[in-house]
Amino acid sequence: MVAFAGRKYAARSPPILVADGSHIITSFTLVLEFHSGTLQNLYWKKFGCKACSGDPFICLNNQDCAVPTSKCKSQGGPIDCNISIQLTFSGTDKNLNALNSWYEVENLRQFSLFGLFSNIRDSFM
């Protein structure tokens, strides 16, 4: 997957793996880097495998949490494998105020509600 933005001056992210033959990565963080309010760069932030806890999540290539595609609803499994992308910002705006929301994303990732909602859903079905 590649992110692209811009008109006169374009920014393009490096490509990132979404799925291979047997796994899918469902959560991504795209950092938009600004300098004085002008978009300079797009890049994918990786958080490692700290959030890969328990079945069915696995650590893929020692850097991404992935789900075996056999566990996805589209393959008859219980997991919703829709892709989510969190947008974050770094650098400065046109008034040179710091944009640093990407620092907070790692903190937010530790409070995933996936398990909570999965357990609630399972108790009603």
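Bear in mind that the values here come from a model prediction, so they are computed numbers and not experimental data.

Here we look at a nonpolar patch on the surface
Residues M1, I83, I85, L87 and F89 make up a contiguous nonpolar surface patch of about 410 Å² in total accessible area. By the secondary structure assignment, I83 is in the loop between β7 (64-68) and β8 (84-92).

Observations concerning the sheet that holds β7
Strand order in this open sheet of 3 strands is β3-β7-β6, and the pairing throughout is antiparallel. Each edge of the open sheet carries a strand with a single partner, namely β3 (23-24) and β6 (58-60). Taken together, the 2 bridges between β3 and β7 define a ladder with antiparallel strand orientation. From the neighbouring strand, H23 faces β7, where its bridge partner is P68.

Some details on the state of the cysteines
A complete count under the given rule lists 2 disulfides for this structure. Paired through a disulfide, C49 and C59 show a sulfur-sulfur distance of 1.8 Å. Taking the torsion about the S-S bond as the criterion, the C49 to C59 disulfide, at about 65°, is right-handed. Within this pair, whereas C49 is found in the loop between β5 (38-45) and β6, its partner C59 is found in strand β6, the two being separated by 10 residues in sequence. The exposure class assigned to C59 is partly exposed, which follows from its relative accessible area of 35%. Note that C72 is cross-linked by a disulfide to C81, the S-S spacing being 2.0 Å.

Observations concerning the environment of F4
For F4, the position within the fold is in strand β1 (residues 4-6). Once the C-alpha coordinates of F4 and N41 are considered, the two residues, 37 residues apart in sequence, prove to be 9.6 Å apart.

As for the nonpolar core
By size, the foremost hydrophobic cluster in this structure holds 13 residues, and its most contacted members are A3, I25, F28, L30, L32, L42 and W44. Among the secondary structure elements, those contributing two or more residues to this core are β4 (27-35) and β5. Setting aside residues up to four positions removed in sequence, L42 forms contacts with A3, F4, A5, A11, R12, S13, P14, L30, V31 and L32. Grouped together as the second largest cluster of nonpolar side chains are 5 residues, V67, C72, I79 and C81 included.

A short note on the pairing of β8
Side-chain direction in a regular strand flips from residue to residue, so the side chains alternate between the two faces of the sheet. Two elements, β4 and β8, share 8 bridges in a ladder whose sense is parallel. Looking across to β8, one finds that V31 is bridged to T88. Here 3 bridges tie β8 to strand β9 (residues 98-100), and the two strands are oriented antiparallel to one another. Across the sheet, residue G91 finds its bridge partner in β9, namely L99. From the end of β8 to the start of β9, which pair antiparallel, there are 5 residues, and L96 there has a positive phi angle of about 65°.

What counts, and at which threshold
- Residues numbered from 1 in each chain as written.
- Predicted model: local features only at pLDDT ≥ 70, side-chain atom pairs only at ≥ 80, totals over all residues.
- Heavy atoms only, no water.
- Patch = residues over 30% accessible without salt bridge, like charges linked within 9 Å, V, L, I, M, F, W, Y side chains within 5 Å.
- Areas by Shrake-Rupley, 256 points an atom, 1.4 Å probe, with all protein chains shown as cover.
- Salt bridge = Lys/Arg side-chain N within 4 Å of Asp/Glu carboxyl O.
- Helix = DSSP H or I, 4+ residues; strand = E, 2+ residues; numbered from the N terminus.
- Pairing = 2+ DSSP bridges.
- Disulfide = S-S within 2.5 Å.
- Buried < 20%, exposed > 50% of the residue type's maximum accessible area, 1.4 Å probe, protein only.
- Core = buried A, V, L, I, M, F, W, Y, C linked by side-chain atoms within 4.5 Å.
- Contact = heavy atoms within 4.5 Å.

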